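Here are the chains, one letter per residue:
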Amino acid sequence: MAGFVEVDVVEALARGGAEAQDRVLEERSAEVADEMANGFARRHPEFAARSGFARWQLVALAAGAVCALAAVVVAPMVALLLLTTLATAYSLLHAVVAVAGLLSGGRRGTPEEPPLADADLPFYTVVVPAYREAGVIGALVRHLAALDYPPDRLEVLVLVERHDPDTIRAVLAADPPAFVRIVRLPPGPPQTKPRAVNLGLMLARGELLVIFDAEDRPDPLQLRRVAARFASADDRLACVQAQLLFHNAEVNWLTRQFAMEYALRFRFSMPGLVRLGMPIPLGGTSNHFRTDTLRTLGGWDAWNVTEDADLGMRCAALGYRTEMIETVTWEEALDVPGPFVRQRTRWFKGFLMTAIVHTRRPLRTLRRFRASGLLVLLGVVASAPVTALVLPVTAALTVLAVSGLFPSSFGAGLLAPVLVAQGVSIVARVGITFAAARRADLSGWPAVFAPLYSVLWSIAAWRAVHQLAFSPFSWEKTPHVGQGHADGRPTGAAGEPADGVSSTA
């Protein structure tokens, strides 16, 4: 091992095979852990979440909070009008993007690229971060073993914490094929998914790389289809995002709402952004990358708790693009409000963090993103938690206005347009949710409860703001219970048996 200590730890890992890499991980554990956590920030400080707020952002935030509070107290009707305008603009933007996605072809998508012969397929690295996932990881291992891809051109890196023996035992109990390798992570903060997958990127031998979560059930043809897409594209295509849908949509009210939200996002909204030439805030799994391009982008920010959305925006900022592909990875929807709110808290905190990171230098932000990218950064990424945050304030002010309880009649004439705008916003939300649900073969009637579902978003948004102030890098683990068939096959979108191998929902 003497030769390895003379070179940078990243280069040492890149030089070696599996056995040599394992020796580096053992003998230079502290160096590897530091690179996993802080290497991105050292090389790309302008994109690093740990750098925090710029001074002007703190001043603007404080001034905005003071002005908002003053408006609520002094001119509540004007405050209500402004908040309603914000929410309506957010809803209409999403409706426009969703319609663009609908017009992009929906179920048909773009013409499928001709398949590649086995001899032409690139080497593929599958990275699976898994922490306390003993209940679901075995089913994923069996699905990965069934992938329609040459085993000699495939490696699967299952990244586990050293203090998580149950997950390791579950992987081994699933009788993994030879291309599945368990990698024990060097200990160190932060204990987050992006920190783990940074090690996967350092170890990866594949020309292409994909992330799967432990509960995922990917279409067996997914890797082949993505490889064909990359082979037919130019080198500015950095990422291909597969669709994510839920196999347990019919468990209860919450899973139905969550499934419709995902159907809207992956069937309409993200294809709509592609059609409009806008950046895509990536989903947390089934994003496929050119490995060299991903390394050029810096990998993942270990301290950003929505590393997926951040990386999607960074792709656009540095001149790369993302495309969608008509192949599905089935996931498990959370069916209990508590874990759902905790997961959504992390998402909203990460969205705010991502917006902060990419707007520290406003002129540079505008040059990098242009108007369309800036619209996604502010109108989609940042506005999701902001609109959820102000929803209870808007609702309270609306009740007071309708009840005639405002202390003065100033702005009373604004009530009618406010109520109309709120109605338009609700109708747009319910309408696009219904259409997306039907496109994903889900029952559409629960869409009428989409506004009620937003209450959980608001709770999460307020928790996100609190955590952003006091524990910005904390990561609340999402539990998975492995609902589905005993053999690991998911139940279908509407509860019917499904083998998890179809390429579309």
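Relevant structure appears above.
Thresholds, definitions, all that
Residues numbered from 1 in each chain as written. Predicted model: local features only at pLDDT ≥ 70, side-chain atom pairs only at ≥ 80, totals over all residues. Heavy atoms only, no water. Helix = DSSP H or I, 4+ residues; strand = E, 2+ residues; numbered from the N terminus. Rg over C-alpha atoms; globule rule 2.2 N^0.38 Å. Contact = heavy atoms within 4.5 Å. Pairing = 2+ DSSP bridges. Expected span 1.5 Å × (residues − 1). Bend = angle between axes of the 7 residues up to and from the residue. Buried < 20%, exposed > 50% of the residue type's maximum accessible area, 1.4 Å probe, protein only. Salt bridge = Lys/Arg side-chain N within 4 Å of Asp/Glu carboxyl O. Core = buried A, V, L, I, M, F, W, Y, C linked by side-chain atoms within 4.5 Å.

(A) Local environment of the overall build of the chain. Counting secondary structure elements, the chain contains 16 helices and eight strands. A globule of 505 residues ought to have a C-alpha radius of gyration of about 23 Å, and the chain, at 23 Å, matches this closely. Expressed as lengths along the three principal axes of its C-alpha atoms, the size of the chain is roughly 80 × 50 × 40 Å. Considering only contacts in the chain between residues 6 or more positions apart, those separated by 24 or more positions represent 81%.

(B) Structural view of the sheet that holds strand 4 (residues 208-211). The strand order across the open sheet formed by eight strands is 3-2-1-4-7-6-8-5, and the pairing between neighbours is mixed. Both outer strands of the open sheet, strand 3 (180-185) and strand 5 (217-218), are each paired with one neighbouring strand and no more. Here strand 1 (residues 124-130) pairs with strand 4 via four bridges, running parallel. Directly across from Thr125, in strand 4, lies its bridge partner Leu209.

(C) The arrangement of helix 3 (residues 29-43) in detail. Taking 1.5 Å of rise per residue, 15 residues should cover 21 Å, and helix 3 covers 20 Å from first to last C-alpha, within 8% of that figure. A maximum bend of about 55° is found in helix 3 at Ala37. Ser29, Val32, Ala33, Glu35, Met36, Ala37, Asn38, Gly39 and Phe40 are the residues of helix 3 that are buried. On its buried face, helix 3 sits against helix 1 (9-15), helix 2 (18-27), strand 3, helix 8 (193-203), helix 11 (291-297) and helix 12 (307-317).

(D) Spotlight on the environment of Leu334. Inspection of the secondary structure assignment puts Leu334 in the loop between strand 8 (321-331) and helix 13 (337-358). For Leu334, a relative accessible area of 5% puts it in the buried group. Distance from Leu334 to Asp310, taken between C-alpha atoms, is 23 Å for residues 24 residues apart in sequence. Among all residues touching Leu334, those that are not within four sequence positions of it are Leu254, Thr255, Phe258, Pro339, Phe340, Gln343, Thr478 and Pro479.

(E) Structural context of the pattern of salt bridges. Tallying each qualifying case throughout the model produces 22 salt bridges. With its nearest N and O atoms 3.0 Å apart, the salt bridge here joins Arg181 to Asp22. Pair noted here: Arg181 is in strand 3 and Asp22 is in helix 2, with a separation of 159 residues, a long-range link. The exposure class of Arg181 is buried, given its relative accessible area of 14%. Judged by its relative accessible area of 37%, Asp22 falls in the partly exposed class. Here Arg463 ties to Glu476 by a salt bridge, and the two come within 3.1 Å at their closest N and O atoms. Note that Arg463 is positioned in helix 16 (residues 450-470) and Glu476 in the segment after helix 16, a separation of 13 residues in sequence. Several salt bridges share partner residues, and in doing so they unite Glu113, Arg229, Asp234, Arg321 and Glu323 into one network.

(F) Just the nonpolar core, in detail. Core analysis: the largest hydrophobic core is formed by 93 residues, its most contacted members being Leu199, Leu209, Phe258, Trp300, Phe340 and Phe348. Here this core takes 11 residues from helix 10 (residues 253-275), the largest share from any one element. With 35 residues, the next largest nonpolar core counts Ala170, Val180, Ala227 and Ala242 among its residues.

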